[in-house]
Amino acid sequence: MKQKTVISLSMPNEKSRSKAMAIAARIPGVISVGITGDGKDMLEVVGVSVDPVSLVCCLRNKKLGHAQIVKVEEVKDKEEKKKPEYQPLYYCYPAYPPAPHLVPYDEPPTGCAIM
């Protein structure tokens, strides 16, 4: 499952922003990392099975200042096609007509059938 995590960081300069992005990019499962927000103080991480709590702890341990999870949401693919609500029924007909019904045949009577 793809998820998008937004983390609020105290990033006063460009050096701390690039350091935070480099730390987040090294986490296994991360697909993309970006800086968002009005003050460029939000780190947006998109990935598959990324633990947001361990990511925040890692950012705090690297002396980047205060880090806080703002939101975590599931990302849906735009390429995902909608499946039809119904499935058409397909009928298979045999290639050959069915065999005629076979009835056991007794021997004809020994007398004349016309008389």
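Everything numeric in this text was worked out from a predicted model, so none of it was measured.

> How should the nonpolar core be read in this particular structure?
Generally speaking, soluble globular proteins have nonpolar side chains that are buried together. Core analysis: the largest hydrophobic core is formed by 16 residues, its most contacted members being Ile7, Leu9, Leu43, Leu55 and Leu59. Contributing elements (two or more residues each) for this core: strand 1 (2–9), helix 1 (14–25), strand 3 (42–48) and helix 2 (52–61). The residues contacting leucine 59, other than those within four sequence positions of it, are Ile7, Leu9, Ala20, Ile23, Leu43, Leu64 and Ala67.

> It is not clear to me how the environment of proline 28 should be interpreted in this structure. Could you clarify?
Here proline 28 is to be found in the loop between helix 1 and strand 2 (30–36). Taking the C-alpha atoms as reference, proline 28 lies 9.7 Å from aspartate 51; in sequence the two are 23 residues apart.

> Explanation requested: a nonpolar patch on the surface in the structure shown.
A surface patch of nonpolar side chains, amounting to about 220 Å² of accessible area, comprises Val53, Ile69 and Val72. Tracing the chain through its elements places valine 53 in helix 2.

> Before we go on, may I ask you to explain the sheet that holds strand 4 (residues 67–74) in this structure?
Where strands meet in a sheet, backbone hydrogen bonds hold them as pairs that are either parallel or antiparallel. The four strands are arranged 2-3-1-4 in an open sheet whose pairing can be described as antiparallel. Edge strands, defined here as strands with exactly one partner in the open sheet, are strand 2 and strand 4. Within the sheet, the average angular offset between the axes of one strand and its neighbour, ignoring direction, is 20 degrees. Sheet analysis places strand 2 next to strand 3, joined by six bridges and oriented antiparallel. Counted as the bridge partner of valine 30 is glycine 47 from strand 3. Strands strand 1, strand 2 and strand 3 of the sheet are contacted by helix 1, whose axis makes an angle of about 160 degrees with strand 2.

The rules behind these values
- Residues numbered from 1 in each chain as written.
- Predicted model: local features only at pLDDT ≥ 70, side-chain atom pairs only at ≥ 80, totals over all residues.
- Heavy atoms only, no water.
- Core = buried A, V, L, I, M, F, W, Y, C linked by side-chain atoms within 4.5 Å.
- Buried < 20%, exposed > 50% of the residue type's maximum accessible area, 1.4 Å probe, protein only.
- Helix = DSSP H or I, 4+ residues; strand = E, 2+ residues; numbered from the N terminus.
- Contact = heavy atoms within 4.5 Å.
- Patch = residues over 30% accessible without salt bridge, like charges linked within 9 Å, V, L, I, M, F, W, Y side chains within 5 Å.
- Areas by Shrake-Rupley, 256 points an atom, 1.4 Å probe, with all protein chains shown as cover.
- Salt bridge = Lys/Arg side-chain N within 4 Å of Asp/Glu carboxyl O.
- Pairing = 2+ DSSP bridges.
- Axes fitted to C-alpha atoms, helices over the stretch in contact; angles between N-to-C directions.

Without other data, these values stay purely geometric and don't point to any function.
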